[in-house]
Amino acid sequence: MDVTLINPFIDATIFVLETMAFIKVTPGKPYVKQDNLAVGDVTGILGLTGIANGTIAVTFEEKCILTIVSNMLGEPMDTLNDDISDAVGELTNMISGQARKGLEQMGKVFKAAIPSVVTGKNHSIRHYSDGPKIAIPFNTDGGDFTIEVCFER
């Protein structure tokens, strides 16, 4: 996989969460994920087409997404519900859009599908291509989340 495709997603994730949720985000070391088990409790998944086909998934631990959405809405959220799922879909969309802007500046144009959201402990993330799944863990004071980027070989 072309590593230059990954950095815009890291930068976009930091930008979107720091701007929209007023939360400090620290990326960890990227790794190749071997299974389909979600690291988090709620995941936004979005297909990408263009110079390569693939997906981005953003998977949040429950505590983390409750903190993020509480910050975004200005009111405490204490349980996973439809509002949280909607926020995860929108965050996935915003991260994708910001990353695609960065990729476009490098001459790599992508279009995005509408995100879908999966909620529940130990759910699976099904990427639409057979390429390597690059996972980037992130840490916040409110908990952890991971983004996964997968493009066809």
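Rules of the game
- Residues numbered from 1 in each chain as written.
- Predicted model: local features only at pLDDT ≥ 70, side-chain atom pairs only at ≥ 80, totals over all residues.
- Heavy atoms only, no water.
- Helix = DSSP H or I, 4+ residues; strand = E, 2+ residues; numbered from the N terminus.
- Contact = heavy atoms within 4.5 Å.
- Expected span 1.5 Å × (residues − 1).
- Buried < 20%, exposed > 50% of the residue type's maximum accessible area, 1.4 Å probe, protein only.
- Salt bridge = Lys/Arg side-chain N within 4 Å of Asp/Glu carboxyl O.

Draft legend 1. Fine view of the side chain of T13. Within the secondary structure, T13 sits in helix α1 (residues 7-20). Not counting residues up to four positions away in its chain, the partners in contact with T13 are I95, F138, F145 and I147.

Draft legend 2. Fine view of α1. Over its 14 residues, α1 runs 20 Å from end to end, which matches the ideal 20 Å to within 8%, given 1.5 Å per residue. Taken as a whole, α1 has its buried residues at P8, F9, I10, A12, T13, I14, V16 and L17. With its phi angle positive at about 55°, F22 sits one or two positions after the end of α1.

Draft legend 3. Region of the structure containing the pattern of salt bridges. Counted by the stated rule, this structure contains 4 salt bridges. Here D35 ties to K33 by a salt bridge, and the two come within 3.4 Å at their closest N and O atoms. Classification of K33 by relative accessible area gives buried; the value is 7%. One salt-bridge network, in which partners are shared between bridges, spans K33, D35 and E148.

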